[in-house]
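Tertiary structure, described
Each chain is listed here by its residues.
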Amino acid sequence: MQALLLVGGEGTRLRPLTCKTVKAMVPILNRPFLEHLFSYLARHGIDDIVLTLCYLPDSIESYFGHGSSLGVRLTYVMEESPLGTAGAVKNAERYLEDRFFVFNGDIFTDLDLRAMMAFHRERGAKATIALTPVEDPSAYGVVETDSHGRVKRFVEKPKREEATTNLINAGTYILEREVLRDVPPNTRFMFEHHLFPTLLQKDQLVYAYSSDAYWIDIGTPQKYCQLQYDLLQGKGRTSLCSPMVDGRAGFGARSSLHPTASVEGAVIVGDDCSIGPHARIRGPVVMGNGCRVLAGAAIEKSVIWNNVVVGRNAWLEGCIVGSNSSIGEGCSVGQGVVIGEGVTVGDGIRLEPGRKVWPDTRV
Ligand code: GTP
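Quick look at the structure, then. Bear in mind the structure is a predicted one, so any value in this text is a computation, not a measurement. (Residues numbered from 1 in each chain as written. Predicted model: local features only at pLDDT ≥ 70, side-chain atom pairs only at ≥ 80, totals over all residues. Heavy atoms only, no water.)

**Some thoughts on the site of the ligand**
- Close contacts around the ligand come from 20 residues, with L6, T12, R13, E79 and G84 the closest.
- A distance of 3.0 Å separates a nitrogen atom of the ligand from a polar atom in the backbone of G8.
- Contact distances for the ligand include 2.8 Å between an oxygen atom and a backbone N or O atom of G9.
- Out of a free accessible area of 600 Å², the ligand has 83% covered by protein chains.
- Broken down by element, the residue count for the shell around the ligand peaks at three residues, all from helix 3 (residues 84-91).
- For the shell around the ligand, the residue count by class is five nonpolar, nine polar and six charged. (Near = heavy atom within 4 Å. Polar contact = N/O pair within 3.5 Å; in protein donor to acceptor, adjacent residues only side chain to side chain. Areas by Shrake-Rupley, 256 points an atom, 1.4 Å probe, with all protein chains shown as cover. Helix = DSSP H or I, 4+ residues; strand = E, 2+ residues; numbered from the N terminus. Nonpolar A, V, L, I, M, F, W, Y, C, P; charged D, E, K, R; others polar.)

Right, dumping it as structure tokens:
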């Protein structure tokens, strides 16, 4: 089976993390997000993968190449300017088979793709849209169906009290290539606003496949962390890291923990890290490679990328710190703070909850 991945967006909601790193490459348990996605696709029998790139395209291709080391075959298709989700698929039309999956490149799910394909085939659908339930659909695109699963209507961001269903578009589709006839070439065109409504107007068979499989989109800092905390706690599934059993820490090669330091909860520490005297790490915490946590520092419920230095007696809780950043002595970094890559936070600084710090700056 074949899949096309949409990975050309700028990931504005995830800034400043996405200023230098494309959303599809942000680390999830210390591996690029796309690596988890490839492994999931391969598990479900999909090894022919087309990536549609636009924003920061080189980083993906230079990291994964043709994909042979991961057991998949990767084809890259570039857009000069963003063509939107359906426009990007149209732009890759020459590489596509008669029937293929499309994935938003920021979705992590356990959805059973073979079952979804069987559903699509049995109904002779032209397009099948995966749906997932959410508690509050008001921030999403809601999809209304009849009792057989045939799509009747799309409602973008309904008011909570007006939503007739909590099933939202999960960003995974199966398409027959012929539907691309309804997408104009070299034009910005979206699935939910343009292509799917056009197909409904033409009375084409568009079906919805609902499931309560694990599903999360990593489009915001909060969700980006949530996915990792879920995986650490055994929700969701990845074959790239063994899930941590609560209360046991996973340390990478050559990483050291001072005898007076303490680690609690679900924690992953990468390679070549050192946790100094009296430092405290309380999970869920994910720490990349080459990090140094100096004496007396405390880190709780946070995601730390590579080569980060956490100064003496600094305190970090509920935050994300990009690679090659350093947090000064005695700093306090509060809930929801997102620090970009290459940032220097001076000694004694207090970063208020929710603050975003742009890459390569000093505060
Ligand atoms: P935000 O700016 O935070 O909304 O992020 P985004 O635009 O990167 O992602 P969004 O959730 O809006 O889009 C869903 C998926 O489609 C993401 O994986 C994007 O990378 C991808 N995407 C969005 N627009 C385009 C586009 O114009 N071209 C391509 N190739 N991919 C796109």
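**Comments concerning the side chain of D182**
- Mapping D182 onto the fold places it in the loop between strand 11 (167-176) and helix 5 (191-201).
- According to the relative accessible area criterion, D182 is buried, its value standing at 17%.
- Residues in contact with D182, not counting those within four places in the same chain, are F189, L195, T198, L199 and K202. (Buried < 20%, exposed > 50% of the residue type's maximum accessible area, 1.4 Å probe, protein only. Contact = heavy atoms within 4.5 Å.)

**Digging into the pattern of salt bridges**
- Taken as a whole, this structure holds 22 salt bridges when the rule is applied.
- As a salt-bridge pair, R160 and D136 come within 3.7 Å of each other at their nearest N and O atoms. With R160 in the loop between strand 10 (151-156) and strand 11 and D136 in the loop between strand 8 (127-133) and strand 9 (141-145), this pair connects stretches of sequence that are 24 residues apart.
- We classify R160 as partly exposed; its relative accessible area is 45%.
- Taking the shortest distance from any N to any O, the salt bridge between D217 and K223 comes out at 3.7 Å.
- A single salt-bridge network, built from bridges that share partners, covers E135, D136 and R160. (Salt bridge = Lys/Arg side-chain N within 4 Å of Asp/Glu carboxyl O.)

**Comments concerning the environment of F154**
- Considering the arrangement of structural elements, one finds F154 in strand 10.
- With 38 residues separating them along the chain, F154 and M116 place their C-alpha atoms 20 Å apart.
- With near-sequence residues (within four places) excluded, F154 lies in contact with I129, V142, V143, F196, P197 and L200.

**A closer look at the sheet that holds strand 18 (residues 274-275)**
- Strand order across the open sheet formed by six strands is 15-18-20-22-25-28, with parallel pairing between neighbours. Edge positions in the sheet fall to strand 15 (256-257) and strand 28 (344-345), since each of these pairs with one other strand and no more.
- Both strand 25 (residues 326-327) and strand 28 contribute to a ladder of two bridges, which runs parallel. Looking at the pairing, I327 lines up with V345 of strand 28. (Pairing = 2+ DSSP bridges.)

**Things to note about the pairing of strand 8**
- A large share of strand 8 lies buried, amounting to six of its seven residues.
- Here six bridges tie strand 8 to strand 11, and the two strands are oriented antiparallel to one another. Bridge pairing in strand 11 links L131 to N169.
- As judged from the five bridges shared by strand 8 and strand 12 (residues 206-210), these two strands associate in the parallel manner. Residue pairing for strand 12: L131 is matched across the bridge by S210.

**Re the packing of aromatic side chains**
- On inspection of all chains with the given rule, the structure shows 12 aromatic pairs.
- Aromatic pair F108 and Y214: ring centres 6.2 Å apart, planes at 85°, arrangement edge-to-face. Taken together, the residues span a long stretch of sequence, with F108 in strand 7 (residues 107-109) and Y214 in the loop between strand 12 and strand 13 (215-217) at a distance of 106 residues.
- For the pair F191 and F196, a centre-to-centre distance of 5.2 Å together with 25° between the ring planes defines the contact as stacked.
- Residue F191 is classed as buried on the basis of its relative accessible area, which comes to 1%.
- Three or more aromatic residues joined by ring pairs make a cluster, and in this case those are F154, Y173, F191 and F196. (Phe/Tyr/Trp six-rings, centres within 6.5 Å; stacked < 30°, edge-to-face > 60°.)

**Structural notes on unusual backbone geometry**
- At the junction of R15 and P16, the peptide bond is cis and its omega measures out at 10° in the coordinates.
- As for its placement among the helices and strands, P16 is situated in the loop between strand 1 (2-6) and strand 2 (27-28).
- With an omega of 5°, the peptide bond running from G283 to P284 counts as cis.
- Mapped onto the secondary structure, P284 falls in strand 19 (residues 280-287).
- Phi is positive for N30, which is not a glycine, with a value near 70°.
- Checked against the element boundaries, N30 lands in the loop between strand 2 and strand 3 (31-32).
- With relative accessibility at 26%, the residue N30 sits in the partly exposed group.
- Phi angles above zero are rare outside glycine, and H278 is one such case at about 60°.
- Classification of H278 as exposed rests on a relative accessible area of 54%.

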